[in-house]
Amino acid sequence: MIFKKLELNNFRKIKSAKLKLHKGINIFYGDNAAGKTSILEALWSFTGAKSFRGSKDTDLISFGSEKASIKLYFLDNEREQECIINIEKHREAILNDVEYGPASKIAGKINAIVFSPIDLNIIENGPAFRRKFLDTAICQLYPSYLDIYKKYLRAVEQRNKILKDIKYNPMLLEFLEDFENEISSFGAQIIDYREKFIEKLNKYLPNIYNGISLGKEKIEIFYETDADKQKEKFKEKLKLLRDEDIKNISTSIGPHRDDIDIKIDSISARYFGSQGQKRSAAIALKLSESEVIYEITGKKPVALLDDVMSELDTNRQNYILNHIKDWQVFITCCDKENFSSLKEGKIFEVKNGEIFS
């Protein structure tokens, strides 16, 4: 998949722009708040997903304007296609002259992965961020996963309510069996999905990180769970933990408590990694996610990398710029020195919402 041309009207700080895009590396540089990230946000919109900055649809419209539009010309399976997203109260999508209604309806039609500074939370912060990384990626690949996960969370919520009230009504104990059966059934499926996704990530992650670190470091990731992907074993563990869970009023095992262990040279990246190592690990995870998408769908997603170059040394910057092959990449940065080693690609300067190439 190749993005060929992007047109923007009243999108964020960008009043009007028509950009011809390079099939390889595209650099957008300029001062902070110049509008660089808005370009990546526009491109990400074509995946059908919500803004990676957490913005409401109306926030995407330029100040003082009533509506905005973005248009993408792209090549998919050697076929020229176009997609328009109109934004007023909500985002509405038109793909190849077919009106889809809400932009979410085109999810899966245009593939991309995005890295932004918030993704450092995958490495630096608690397990919830790493679980979200897994679940978001798996949902894109397997739409049925979301339904399984929602049913699992509902069952956990119901079990926790019983755990809270059981001391006032011991007869509620007999209802635990039903919810534990649901938790173990859906939970075992979630663990299986996650472990298989981690297994696929591990096919690509070591080589990608090896390239970023120039072979100086080794990365490993492992899925950590106290539950089990075998339904009956999972259910038995829940029963054994009933007394403890009643005391703590919470379900102590399951996918909602699981984590990924990320190690660099056999040491925890979260606790002992440098900022450069953490950033490299997060980028490598995202690029590995892209390879998994390509393996499963046959379509190589476009990579959108927001502010990846800061806190990377020259060698790591050089890898990002010149050693990601057969891949269309969009990168934002502030400092010209961050892309001085670029051998092939296109550079855009962004100033106060205007774009120059």
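Owing to the predicted nature of the structure, the values given are computational and were not obtained by experimental measurement.

S.K.: Summarise the overall build of the protein; cite the residues concerned and give the values.
M.R.: A tally of regular secondary structure across the protein gives 10 helices and 15 strands. Counting only residues that meet the buried cut, the protein has 52% of its 357 residues in that class. Long-range pairs, those at least 24 residues apart, make up 71% of the contacts in the protein with a sequence separation of at least 6. Counting every atom, the protein has about 17600 Å² of accessible surface; 48% of that belongs to carbon and sulfur. Charged side chains in the protein number 57 positive and 55 negative. The centres of these two groups are separated by 2 Å.

S.K.: Describe the pairing of strand 4 (residues 68-76), with residues and values.
M.R.: Bridge count for strand 1 (residues 2-11) against strand 4 is 7 bridges, and the pairing is antiparallel. Residue Phe3 lies in a different strand from strand 4, and its bridge partner there is Phe74. Linking strand 4 to strand 5 (residues 79-87), which pair antiparallel, is a turn of 2 residues; within it Asn77 sits at a positive phi near 55°.

S.K.: Give me a nonpolar patch on the surface: which residues, what numbers.
M.R.: There is a patch of nonpolar side chains on the surface, built from Ile267, Tyr271 and Phe272 and spanning about 390 Å² of accessible area. Tracing the backbone shows Ile267 in strand 11 (residues 267-268). Judged by its relative accessible area of 44%, Ile267 falls in the partly exposed class.

S.K.: Can you lay out helix 5 (residues 173-212) for me, pointing to particular residues and giving the numbers?
M.R.: At Asn202, helix 5 shows its largest kink, close to 35°, and the proline Pro206 lies no more than four residues downstream. Just downstream of helix 5 lies Leu214, where phi reads positive at about 55°.

S.K.: Tell me what's going on with the pattern of salt bridges, and back it up with residues and numbers.
M.R.: Tallied over the full model, the rule gives 27 salt bridges. The salt bridge partner of Lys4 is Glu80, with a shortest N-O separation of 2.9 Å. With Lys4 in strand 1 and Glu80 in strand 5, this pair connects stretches of sequence that are 76 residues apart. For Lys4, a relative accessible area of 35% gives the class partly exposed.

S.K.: Give me the sheet that holds strand 14 (residues 346-351): which residues, what numbers.
M.R.: Pairing in this open sheet of 6 strands is mixed, and the strands run 8-12-13-3-14-15 from one edge to the other. Both outer strands of the open sheet, strand 8 (112-115) and strand 15 (354-356), are each paired with one neighbouring strand and no more. Between one strand and the next, the sheet's axes are offset by a mean angle of 20°, whatever the strand orientation. Note: strand 8 against strand 12 (residues 302-306), 4 bridges, orientation parallel. Within strand 12, the residue paired with Ile113 across the bridge is Ala303.

S.K.: A description of the packing of helix 3 (residues 127-141) against helix 9 (residues 275-297) should follow, citing residues and the corresponding values.
M.R.: How two helices pack is summed up by the angle between their axes together with the distance between the axes. Look at helix 3 against helix 9: their axes get within 11 Å of each other, and the N-to-C directions meet at 20°. Relative to helix 9, helix 3 is oriented roughly parallel. In this structure, helix 3 crosses over helix 9, and the sense of that crossing is right-handed. In this structure, helix 3 contributes Phe133, Ala137, Gln140 and Leu141 to the contact, and helix 9 contributes Leu285, Lys286, Glu289, Val292, Ile293, Ile296 and Thr297.

S.K.: Lay out the pairing of strand 1 in plain terms, naming residues and giving numbers.
M.R.: In terms of strand pairing, strand 1 meets strand 2 (residues 14-20) through 6 bridges, oriented antiparallel. Considered in strand 2, the bridge of Glu7 is made with Lys18. Hairpin connection between strand 1 and strand 2: a loop of 2 residues separates the two successive antiparallel strands, and Arg12 in this loop has a positive phi of roughly 55°.

S.K.: Account for the layout of surface pockets, with residues named and values stated.
M.R.: The volume enclosed by the largest pocket comes to roughly 1300 Å³. As for the largest pocket, its lining consists of 43 residues, of which Trp44, Ala49, Thr136, Ala137 and Gln140 are closest to the centre. Here the element with the most residues in the lining of the largest pocket is helix 3; it accounts for 11 residues. Split by residue class, the lining of the largest pocket holds 22 nonpolar, 12 polar and 9 charged. By volume, the second largest pocket is sized at about 420 Å³.

The rules behind each value
- Residues numbered from 1 in each chain as written.
- Predicted model: local features only at pLDDT ≥ 70, side-chain atom pairs only at ≥ 80, totals over all residues.
- Heavy atoms only, no water.
- Helix = DSSP H or I, 4+ residues; strand = E, 2+ residues; numbered from the N terminus.
- Buried < 20%, exposed > 50% of the residue type's maximum accessible area, 1.4 Å probe, protein only.
- Contact = heavy atoms within 4.5 Å.
- Areas by Shrake-Rupley, 256 points an atom, 1.4 Å probe, with all protein chains shown as cover.
- Lys, Arg positive; Asp, Glu negative; His and termini not counted.
- Charge placed at Lys NZ, Arg CZ, Asp CG, Glu CD.
- Pairing = 2+ DSSP bridges.
- Patch = residues over 30% accessible without salt bridge, like charges linked within 9 Å, V, L, I, M, F, W, Y side chains within 5 Å.
- Salt bridge = Lys/Arg side-chain N within 4 Å of Asp/Glu carboxyl O.
- Bend = angle between axes of the 7 residues up to and from the residue.
- Axes fitted to C-alpha atoms, helices over the stretch in contact; angles between N-to-C directions.
- Parallel < 35°, antiparallel > 145°, perpendicular 65-115°, else oblique.
- Left-handed = near helix turned anticlockwise from the far one by under 90°.
- 1 Å grid on protein atoms, 1.4 Å probe; cavity = no way out; pocket = protein on both sides within 12 Å on 5 of 7 lines; lining within 4 Å.
- Points joined across faces, edges and corners; volume = space filled by probe spheres on them.
- Nonpolar A, V, L, I, M, F, W, Y, C, P; charged D, E, K, R; others polar.

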